[in-house]
Amino acid sequence: MKVRFIEVREAKGEKITSPETVIKLMGEEGKADREAFWVLHLNTRNKIIEKELVSLGIADSSLVHPREVFKKAILNGAVSIITVHNHPSGDPTPSEEDIEIWARLEKAGKIIGIEVIDNIIITPKGEYYSQLELEQKGGIK
């Protein structure tokens with residue numbers, strides 16, 4: 001019988017300190033001509049372990065499921081994640097579908113022990129929406 005150990009990747013990426021840090025990191029991705037959904041896997045010090053493209057969609061939607069969002073985060077030993085997707089339309093306002101998937105991801109994350117720190121939408125011009133920022137300003141979740 002062979003015994004294999006799981007290799008946990010060490011963080012080599014930037015430390016995430018605010019939504020602005022994410023926007024700077026993801027600026028080029030915001031210019032994509034179709035919706036895409038990325039997950040930033042973070043360690044206990046909020047350093048990036050990996051930036052993963054989870055889904056590449058069409059002009060105004062992208063298929064996202066918790067299974068794909070958390071699969072590699074688990075393998076990487078991430079303790080938290082930040083989701084980022086773009087809106088090619090230029091409007092950073094979340095859709096009803098965005099809000100619904102964010103709620104599903106938060107629920108799934110709680111079950112498996114990986115916190116969803118923030119959900120961010122970016123636009124081609126660098127405008128963004130941060131769920132965390134809105135909550136910190138007293139907005140409704």
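Preceding this section is the structure that the text describes.
What counts, and where the lines are drawn
- Residues numbered from 1 in each chain as written.
- Predicted model: local features only at pLDDT ≥ 70, side-chain atom pairs only at ≥ 80, totals over all residues.
- Heavy atoms only, no water.
- Buried < 20%, exposed > 50% of the residue type's maximum accessible area, 1.4 Å probe, protein only.
- Helix = DSSP H or I, 4+ residues; strand = E, 2+ residues; numbered from the N terminus.
- Arc of directions from axis to C-beta.
- Pairing = 2+ DSSP bridges.
- Axes fitted to C-alpha atoms, helices over the stretch in contact; angles between N-to-C directions.
- Contact = heavy atoms within 4.5 Å.
- Expected span 1.5 Å × (residues − 1).
- Core = buried A, V, L, I, M, F, W, Y, C linked by side-chain atoms within 4.5 Å.

Participant: Help me out: how do you make sense of helix 2 (residues 66-75) in this one?
Facilitator: The α-helix advances 3.6 residues per turn, and as a result positions three or four apart in sequence lie on the same side. Every buried residue of helix 2 is accounted for by P66, V69, F70 and A73. An end-on view of helix 2 places all buried positions within 75 degrees of arc, on one side of the element. Across from the buried face of helix 2, at angles greater than 90 degrees, the exposed residues are R67, K71 and L75. At the C-terminal side of helix 2, G77 shows a positive phi close to 75 degrees.

Participant: What exactly am I supposed to notice about the sheet that holds strand 4 (residues 115-122) here?
Facilitator: Two orientations exist for strands paired in a sheet by backbone hydrogen bonds: parallel and antiparallel. Spatially, five strands are ordered 2-1-3-4-5 in an open sheet, and the strand pairing comes out mixed. Two strands bound the open sheet, and with one partner strand each, they are strand 2 (48-56) and strand 5 (128-130). For this sheet the average axis-to-axis angle between neighbouring strands, irrespective of direction, equals 20 degrees. Bridge count for strand 1 (residues 36-42) against strand 2 is seven bridges, and the pairing is antiparallel. Counted as the bridge partner of W38 is L53 from strand 2. Along the sheet, helix 2 contacts strand 1, strand 2, strand 3 (80-86) and strand 4; its crossing angle with strand 2, the most-contacted strand, is approximately 155 degrees.

Participant: For this particular structure, what's the right way to read helix 3 (residues 96-112)?
Facilitator: Taking 1.5 Å per residue, 17 residues should reach 24 Å; helix 3 reaches 25 Å between its end C-alpha atoms and fits that length. The complete set of buried residues in helix 3 reads D98, I101, W102, L105, E106, A108 and G109. Buried positions along helix 3 lie against strand 1, helix 2, strand 3, strand 4, strand 5 and helix 4 (131-136). Positive backbone phi, at 85 degrees, marks G113, one or two positions downstream of helix 3.

Participant: Mind showing me how you'd approach the nonpolar core here?
Facilitator: Most often, soluble globular proteins have nonpolar side chains that are buried together. Counting residues in each nonpolar core, the largest one holds 17 residues, and the members touching the most others are F37, V69, F70, I81 and L105. At the level of elements, strand 1, helix 2, helix 3 and strand 4 are the ones that each hand at least two residues to this core. With residues up to four places along the chain from it excluded, the contact list for I81 reads V39, L40, H41, V69, F70, A73, I114, E115, V116, I117 and D118. Counting 13 residues, the second largest nonpolar core, distinct from the first, contains I23, I48, V84 and I122.

Any functional reading would require information that these geometric values do not contain.
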